[in-house]
Amino acid sequence: MPHVTPEVDWAAVHAEALGVLREYLRIDTTNPPGDEAKAARFLGGLIEAEGIPVEYVEIDPGREAVYARLAGDGSKRPFMLSNHLDVVPVEAAYWTKPPFEAVLENGRVYGRGAIDMKGFGVMQLMTLLTAKRLGLPLKRDLVFLGTPDEEAGSARGMGWLAEHRPDLLDVEYALNEGDSGRISGGRTVFSVAANEKFGCPLRLVSTGAGGHGSFIHTDNSMVRLARALVRLDEWERPLIFAPDTRAYVERLAEARVLEGGSEEALAASIRARRGLTPMFINTLNVTMVNAGVKRNVLPSRSEAILDCRLLPGQQPEDWRRQVEAVVDDPGIAVEFVNDPQPLAMPRTEWDTELFRAIEGSVRAAFEDAVVAPTMTIGATDNRFLRARGVVSYGFTPAVFSREENNGFHGNDEFISVDTFNAGCELTFEVVRRLCT
Ligand SMILES: [Zn+2]
């Protein structure tokens, strides 16, 4: 990758960044318990050393967020680089490298968090430090936020901040994890997640007559539940297109990474790819069934839990009614597992200044780049920001190999030094384009 910002001494930044990353990976922030204050203080210390004020926000003893703000001239609203400080546990028996020693071998740095997401955290940190050192003429404040607890649902992290410190999240744009660049169909494809699905678990409660296991019965709650589950499993739902997901598949088709040509061909391509289909339908999977108390007693009540993930903008109550119609059995109630009226997730725009800054940055670095908006099918901290109206994208400006992507929650997680260096440069370039 050519240097797209030649005024920076990249050799020096790369050397420093690698040292910071290795030190950071040695700080064990396995969640639970997290213990992220150690990481917050480490990153915060490096920021304070540059003369940028830092706030440590204690959420629980030993659990802190780190927040810093480099002031711009105020002519535009702030931009936030945001990352989580915690990591998921390791299954040490399956690792061939020690997970918290940051072993550097054959151009790779091994360690839990290298990919998810301490690597991107350090790219963000180096961007902040480099912007300060260069005296980058910022039109907007550049905010850095490291949060605890993302890997356990964010209740003691971004979720807490959204509720108790919304002042820290008052920004126009934000960048966090989600998707990234990768090689696909011979092209370098950068997928920028503008939206994500949201969970809406449902419970089916089937009630029947009960009775003795030796009689003939026609009203067994478990049998009725089983029939309903089969109907739901066979339920064919149409693909739902939104502006961002349509742009995603159309751009991939234009670049010949996906077969397109006609509406039918596009739909067939989507249905043929199990990884792609959930971006276009609300998913539904039965994950728990509970019925029966004894071998010779007919169950009067049988329950199933459905893990449902809805597309942004979908209304939970509409979805519940659709499921009820497919179940089509007055003896089976369809209920929300959580809040009776969970909030729908609003859609976030993708055609924005931030998107264009990303597009311009990666195109300057990769001639063959395909840049497309996308949607993550799992949850990230972005959802708390989007719910507040922040245009928050899930995107690491780096090209991860398939092997590197396997590191997400996997064994022998690593990031190659080349990937990491390019990521540092691209993250800086996005900020330069968006903020100056
Ligand atoms: Zn993560």
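Residues numbered from 1 in each chain as written. Predicted model: local features only at pLDDT ≥ 70, side-chain atom pairs only at ≥ 80, totals over all residues. Heavy atoms only, no water.

(A) Layout of the overall build of the protein chain. The helix and strand tally for the protein chain stands at 12 helices and 18 strands. At 24 Å, the protein chain has a C-alpha radius of gyration in line with the 22 Å of a compact globule built from 436 residues. By principal-axis analysis of the C-alpha atoms, the protein chain measures approximately 85 × 55 × 45 Å. Each of the 436 residues in the protein chain was classed as buried or not, and the buried ones make up 56%. In the protein chain, the share of contacts with a sequence separation of at least 24, taken over all contacts with a separation of at least 6, comes to 79%. Surface accessibility of the protein chain: about 18,600 Å² in total, with carbon and sulfur atoms responsible for 50%. Here the protein chain holds 47 positive side-chain charges and 63 negative ones, and the gap between their average locations is 3 Å. (Helix = DSSP H or I, 4+ residues; strand = E, 2+ residues; numbered from the N terminus. Rg over C-alpha atoms; globule rule 2.2 N^0.38 Å. Buried < 20%, exposed > 50% of the residue type's maximum accessible area, 1.4 Å probe, protein only. Contact = heavy atoms within 4.5 Å. Areas by Shrake-Rupley, 256 points an atom, 1.4 Å probe, with all protein chains shown as cover. Lys, Arg positive; Asp, Glu negative; His and termini not counted. Charge placed at Lys NZ, Arg CZ, Asp CG, Glu CD.)

(B) Expanded view of the coordination of the zinc ion. Within the protein, the zinc ion binds to His84 (NE2), Asp116 (OD), Glu177 (OE) and Glu177 (OE); these donor distances fall in the range 1.8 to 2.5 Å. Classification of the site at the zinc ion as irregular follows from its four donor atoms and the range of 56 to 150° in their angles at the metal. Sequence spacing among the residues donating to the zinc ion works out to H-x31-D-x60-E. With His84 in strand β3 (residues 79-84) and Asp116 in the loop between β5 (108-110) and α3 (118-134), this pair connects stretches of sequence that are 32 residues apart. Taken as a pair, His84 and Asp116 share a single burial class, namely buried. (Donors = N, O, S within 2.8 Å, 3.2 Å for Na, K, Ca; no water. Tetrahedral: all angles 85-135°; square planar, octahedral: opposite > 155°, others 65-115°.)

(C) Spatial organisation of the pairing of strand β17 (residues 391-399). Of all nine residues making up β17, nine are buried, and the element is well covered by its neighbours. Residues of β17 alternate between two faces, with Val391, Tyr393, Phe395, Pro397 and Val399 on one and Ser392, Gly394, Thr396 and Ala398 on the opposite face, all of them buried. Summarising the sheet, strand β7 (residues 173-184) and β17 pair through seven bridges and their orientation is parallel. Note on β17: the bridge partner recorded for Asn176 is Gly394. (Pairing = 2+ DSSP bridges.)

(D) Seen up close, the side chain of Ser392. Assignment of secondary structure puts Ser392 in strand β17. Overall, Ser392 belongs to the buried group, its relative accessible area being 0%. At 2.7 Å, the side chain of Ser392 and the side chain of Asn382 are in polar contact. Excluding residues within four positions of it along the chain, Ser392 makes contact with Ala174, Ala193, Ala194, Thr348, Asn382, Leu385 and Arg386. (Polar contact = N/O pair within 3.5 Å; in protein donor to acceptor, adjacent residues only side chain to side chain.)

(E) Representation of the packing of helix α1 (residues 10-25) against helix α2 (residues 37-48) within the structure. Closest axis-to-axis distance for the α1/α2 pair is 10 Å, and the angle between their directions is 160°. Taken together, the axes of α1 and α2 are roughly antiparallel relative to one another. Of the two elements, α1 crosses α2, and the hand of that crossing is right-handed. Contact residues: α1 offers Val20, Glu23 and Tyr24, while α2 offers Ala39, Phe42, Leu43 and Leu46. The residue makeup of the contact of α1 with α2, split by class, is six nonpolar, no polar and one charged. (Axes fitted to C-alpha atoms, helices over the stretch in contact; angles between N-to-C directions. Parallel < 35°, antiparallel > 145°, perpendicular 65-115°, else oblique. Left-handed = near helix turned anticlockwise from the far one by under 90°. Nonpolar A, V, L, I, M, F, W, Y, C, P; charged D, E, K, R; others polar.)

(F) Structural detail: the pattern of salt bridges. Inspection of every chain in the model, using the stated rule, returns 36 salt bridges. Residue Arg140 pairs with Glu172 through a salt bridge whose shortest N-O separation is 2.8 Å. One end of the pair, Arg140, is in the loop between α3 and β6 (142-147); the other, Glu172, is in the loop between α4 (158-164) and β7, and 32 residues separate them in sequence. Exposure remark for Glu172: the relative accessible area of 24% places this residue in the partly exposed category. Residue Asp167 pairs with Arg165 through a salt bridge whose shortest N-O separation is 2.9 Å. Each member of the salt-bridge network shares a partner with another, and the members are Lys76, Arg140, Glu172 and Glu353. (Salt bridge = Lys/Arg side-chain N within 4 Å of Asp/Glu carboxyl O.)

(G) Seen up close, the packing of α3 against helix α12 (residues 417-435). Interhelical geometry of α3 versus α12 gives an angle of 50° and a closest axis separation of 9 Å. The pairing of α3 with α12 is recorded here as oblique in orientation. For the crossing formed where α3 meets α12, the hand is right-handed. Judged by residue contacts, Gly119, Phe120, Val122, Met123, Gln124, Thr127, Thr130, Ala131 and Leu134 of α3 engage Phe420, Gly423, Cys424, Thr427, Phe428 and Val431 from α12.

(H) Unusual backbone geometry, seen in detail. Along the chain, Pro32 connects to Pro33 via a cis peptide bond; the corresponding omega equals 0°. Among the secondary structure elements, Pro33 is positioned in the loop between α1 and α2. Residues Asp116 and Met117 are joined by a peptide bond in cis, for which omega reads -15°. By the element assignment, Met117 lies in the loop between β5 and α3. One non-glycine residue with positive phi stands out, namely Arg256, at about 60°.

(I) Representation of the sheet that holds β5 within the structure. In spatial order, the strands read β4-β5-β18; together these three strands make up an open sheet with antiparallel pairing. Looking at strand neighbours, the two that pair on one side only are β4 (104-105) and β18 (414-416), the edges of this open sheet. Of the strand pairs in this sheet, β4 and β5 are connected by two bridges, and their pairing is antiparallel. By the bridge assignment, Glu105 is partnered in β5 with Arg108. Against the sheet, α1 touches β4, β5 and β18, its axis set at about 20° to β5.

(J) The domain arrangement of the protein chain, seen in detail. One can read the domain layout of the protein chain as domain 1 (10-189 + 353-435) and domain 2 (198-336). Each of domain 1 and domain 2 has a C-alpha centre, and the two are 35 Å apart. Listed as interface residues are 13 residues of domain 1 and, on the opposing side, 13 residues of domain 2. Summed over both partners, the interface of domain 1 with domain 2 buries about 1,200 Å², with 67% contributed by carbon and sulfur atoms. Inspection of the domain 1/domain 2 interface yields one salt bridge. Those elements giving two or more residues to the side of domain 1 that touches domain 2 turn out to be β7, β8 (187-196), α9 (353-365) and β16 (370-376). Looking at the side of domain 1 that touches domain 2 element by element, the count peaks at six residues for β16. (Domains from an automatic or database assignment. Buried area = accessible area lost by both parts, 1.4 Å probe.)

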